[in-house]
Amino acid sequence: MQKKSQYPGLCNIVGRGSRRGESKGINVTQGRQGVFPCNPVGEGHHYINNNKRQQLQTPSKEDQVTQTKGSVILDIDPGVDDALTLFLMLLSPEVNLRAVTVVRGNTDIENAKRNVITCLDAVYKHYEYLGIPLPGFAELPFLAIGEGEPLNPSYAKGSDGFMGKDGFGDIFTLDMYKPPKNWQAMVYNSHGTKEDKTFFKSSPRQGGPEEILYQLEHAPPFTVTILAVGPLTNLATAYMLDPVVFHRAKQIIIMGGKVPISEKVTSFSKGEFNFACDPDAAHIVLGTSKGFDQDIHTYGARLKLFNEGKKAPMDIVLIPLDVGENQGRNSVTISKQDYFQYIVPLKTPLGIISTAMMDLGFVRDPERHLERDNHQSLVSYDSISGVVLLDLFNDVFDQYWHSQYYSLRIETRDITCLGASLFDSSEITSSITDSDQTHHSHIRMVLYEKEPHYNQVLISRLFSSNQ
Ligand SMILES: [Ca+2]
């Protein structure tokens, strides 16, 4: 049995060329081999013909088996990339999104509130537009607004304006798109009822870190995955509030950092944005992996430590900048051609908001945003991290991604390279018991995509021409 067929949500029905330069149409009538989403957009989809509907509503036996949902907490600093990642989590059948926690990063926390509400509203409208039954109360994620300042403002960078003044491709600044009229009230007053017309429940907890701890504490240990695609302030704060509960996370998938080139700060050391926005938080969160050993820290070994009241070393997967710098390898990008062929023509609510947000990169400021393929493609690191999560859930990670373990230290005080990833050369001890400070951190870094995959998953799940 081929592993590819186990990837739920991707039907091996019609398709696209896989290598760069080949035709990429998701076009059923032309009969190329490829993919499109099986679920959730299949149910009640009024644009799907009967043959397709039949295929969409009867997933294969393998798909049924693998569609066991995994619980996820998504921590974001929205952010265009963050928006795509949120959409991907909400439209992926493998994911049971328990909470969305928001942090300052790409933009300040006030903008971040408006941006996340606008995203969740677009998803609500998307379901309505496609006639997909809306999830019930229990299935909706909690929304919690988290930290608006880094742990140590003296040693942290702020937004560089890369995503526009509003953090959202300037769709609000330029009046290209409007947030829901009552978005400010919605942040804290949505109960997930039909009357609210929202795709979330406002968290009754104090903030983002508290919501993270609540979710971890109220699920069996090592069953909740955290996907963090912003500065790590919320996660580090949660850890400091309750390290034992924090260590109940099954795995933390983080967008951030860069493969280290030295033990020391050098002229080549440069902090990646998320880590530079809160280097102390990055240092703390990566430190939770100290003592982690991929060979022995199976679920059972971690559970044993947990039952002894110890902090089981955290399993951390990092998606560093390197994954987008894979010259000569497969390109994990969204191309200008993808944007104009698949996203711009879409009249679904997700198509409309994504067209507006990505207009900044593809139309208004391509010189700055289209960093690949001679200003033809952009790298959306956050959504790459989302696809990595799906691949881990579907047990196809090793098939699609090359990764390697590194021991990292994050520079927290040299202001010329705040957040830089350096080799951790601190003393190693041989006996691994728990996350003692004398151990190395042990981080699995995703280095490159082995075969074309990311782009297909993203386009087919969010921007399929079937919509
Ligand atoms: Ca982000």
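Residues numbered from 1 in each chain as written. Predicted model: local features only at pLDDT ≥ 70, side-chain atom pairs only at ≥ 80, totals over all residues.

1. Observations regarding the overall build of the chain
The following threshold applies: Per the convention used, a helix needs a DSSP run of H or I reaching at least four residues, while a strand needs a run of E reaching at least two, with both numbered from the N terminus. Exposed residues have 12 or fewer other C-beta atoms within 10 Å of their own C-beta, buried residues have 20 or more, and partly exposed residues fall in between, where C-beta atoms are placed from the backbone. Contact criterion: two residues are in contact if their C-beta atoms, reconstructed from the backbone, are within 7 Å.
Scanning the chain for helices and strands turns up 17 helices and 13 strands. Considering the chain as a whole, with its 467 residues, one finds that 53% of them fall into the buried category. Taking contacts inside the chain between residues at least 6 apart in sequence as the whole, the part at least 24 apart equals 79%.

2. Digging into the sheet that holds strand 10 (residues 401–406)
Each strand in a sheet pairs with another by means of backbone hydrogen bonds, the pair being arranged parallel or else antiparallel. To be explicit about the condition: Any two strands between which DSSP finds at least two bridges are classified as paired.
Taking strand neighbours across the sheet as the criterion, the nine strands line up as 4-3-2-1-5-6-7-13-10 in an open arrangement whose pairing is mixed. Edge positions in the open sheet fall to strand 4 (201–202) and strand 10, since each of these has one partner strand only. Relative to strand 6 (residues 251–255), strand 5 (residues 224–228) is paired through four bridges, and the arrangement is parallel. Across the sheet, Ile-226 pairs through a bridge with Ile-252, a residue of strand 6.

3. Some points on the nonpolar core
Selection criterion: Take the buried Ala, Val, Leu, Ile, Met, Phe, Trp, Tyr and Cys residues, join any whose C-beta atoms are within 7 Å, and the set you get is a nonpolar core.
One finds Phe-87, Val-100 and Leu-235 to be the most contacted residues of the largest nonpolar core, which totals 113 residues. When residues of this core are assigned to their parent elements, the largest contribution, ten residues, is made by helix 4 (residues 109–130). The residues touching Val-100, leaving out its near neighbours within four places in the chain, are Leu-74, Ile-76, Leu-86, Val-116, Pro-141, Leu-143 and Phe-200.

4. Focus on helix 17 (residues 454–462)
Here helix 17 lies mainly inside the structure; nine of its nine residues are buried. Among all positions in helix 17, only Tyr-454, Asn-455, Gln-456, Val-457, Leu-458, Ile-459, Ser-460, Arg-461 and Leu-462 are buried. Taken together, the buried residues of helix 17 touch helix 3 (80–90), strand 8 (334–335), helix 12 (336–343), helix 13 (349–364), helix 15 (381–393) and strand 13 (443–449).

5. A short note on helix 6 (residues 208–217)
Counting buried positions over the ten residues of helix 6 gives eight, a clear majority of the element. Turning to helix 6, its buried residues number three or more, namely Gly-208, Pro-209, Glu-210, Glu-211, Ile-212, Tyr-214, Gln-215 and Leu-216. Looking at the packing, one finds that the buried side of helix 6 touches strand 1 (70–76), strand 2 (95–102), strand 3 (142–145), strand 5, helix 7 (233–241) and helix 8 (243–246).

6. Describing unusual backbone geometry
Cis geometry marks the peptide bond from Pro-78 to Gly-79, where omega comes out at -10 degrees. As for its placement among the helices and strands, Gly-79 is situated in the loop between strand 1 and helix 3. A positive phi angle is found at Asn-374, which is not glycine, with a value near 55 degrees. Its place among the elements puts Asn-374 in the loop between helix 14 (366–369) and strand 9 (377–378). Positive phi, close to 60 degrees, is recorded for His-375, a residue that is not glycine. Assignment of secondary structure puts His-375 in the loop between helix 14 and strand 9.

7. Comments concerning the confidence of the model for the chain
For clarity, the threshold we go by: What pLDDT expresses is the predictor's confidence in each residue, scored from 0 to 100.
Across the chain, pLDDT averages 83, with 81% of residues at or above 70. Here residues 428–437 is a poorly scored stretch, pLDDT under 50, and it has 22 contacts once near neighbours within four places are set aside; other chains count.

8. Re the packing of helix 3 against helix 15
Operational definition: All axes are obtained by fitting lines to C-alpha atoms, using only the stretch in contact for helices, and the reported angles, taken between N-to-C directions, cover 0 to 180 degrees. With respect to orientation, any angle under 35 degrees is reported as roughly parallel, any angle over 145 as roughly antiparallel, any angle of 65 to 115 as roughly perpendicular, and every other angle as oblique. In this scheme the crossing of two helices becomes right-handed for a clockwise turn of the near helix relative to the far one and left-handed for an anticlockwise turn of less than a right angle. Throughout this entry, Asp, Glu, Lys and Arg are counted as charged residues, while Ala, Val, Leu, Ile, Met, Phe, Trp, Tyr, Cys and Pro are counted as nonpolar. The remaining residues, Gly among them, count as polar.
Axis separation between helix 3 and helix 15 bottoms out at 7 Å; the angle between their running directions is 20 degrees. Between helix 3 and helix 15, the angle falls in the class roughly parallel. Of the two elements, helix 3 crosses helix 15, and the hand of that crossing is right-handed. Every residue of helix 15 that contacts helix 3 at Asp-81, Asp-82, Leu-84, Thr-85, Leu-88 and Met-89 is listed here: Tyr-381, Asp-382, Ser-383, Ser-385 and Gly-386. Looking at side-chain class alone, the contact of helix 3 with helix 15 contains four nonpolar, four polar and three charged residues.

9. Observations concerning the pairing of strand 6
In terms of burial, strand 6 is a largely internal element, four of the five residues being buried. Note: strand 6 against strand 7 (residues 316–319), four bridges, orientation parallel. By the bridge assignment for strand 7, Ile-252 is matched with Ile-316.

10. Describing the environment of Ser-154
Along the chain, the position of Ser-154 falls in the loop between strand 3 and helix 5 (183–189). By C-beta crowding, Ser-154 is classed as exposed, having 7 other C-beta atoms within 10 Å. Taking C-alpha positions, Ser-154 is 9.1 Å from Arg-413, a pair spaced 259 residues apart along the chain.

11. Focus: the packing of helix 12 against helix 13
Closest axis-to-axis distance for the helix 12/helix 13 pair is 11 Å, and the angle between their directions is 155 degrees. Here helix 12 is positioned roughly antiparallel relative to helix 13, judged by the angle of their axes. In the packing of helix 12 onto helix 13, the handedness of the crossing is left-handed. Counting all contacts with helix 12, which are made through Lys-336, Tyr-339 and Ile-343, the residues of helix 13 involved are Gly-351, Ser-354, Thr-355, Met-358 and Phe-362. When the residues that make up the contact of helix 12 with helix 13 are grouped by side-chain class, the tally is four nonpolar, three polar and one charged.

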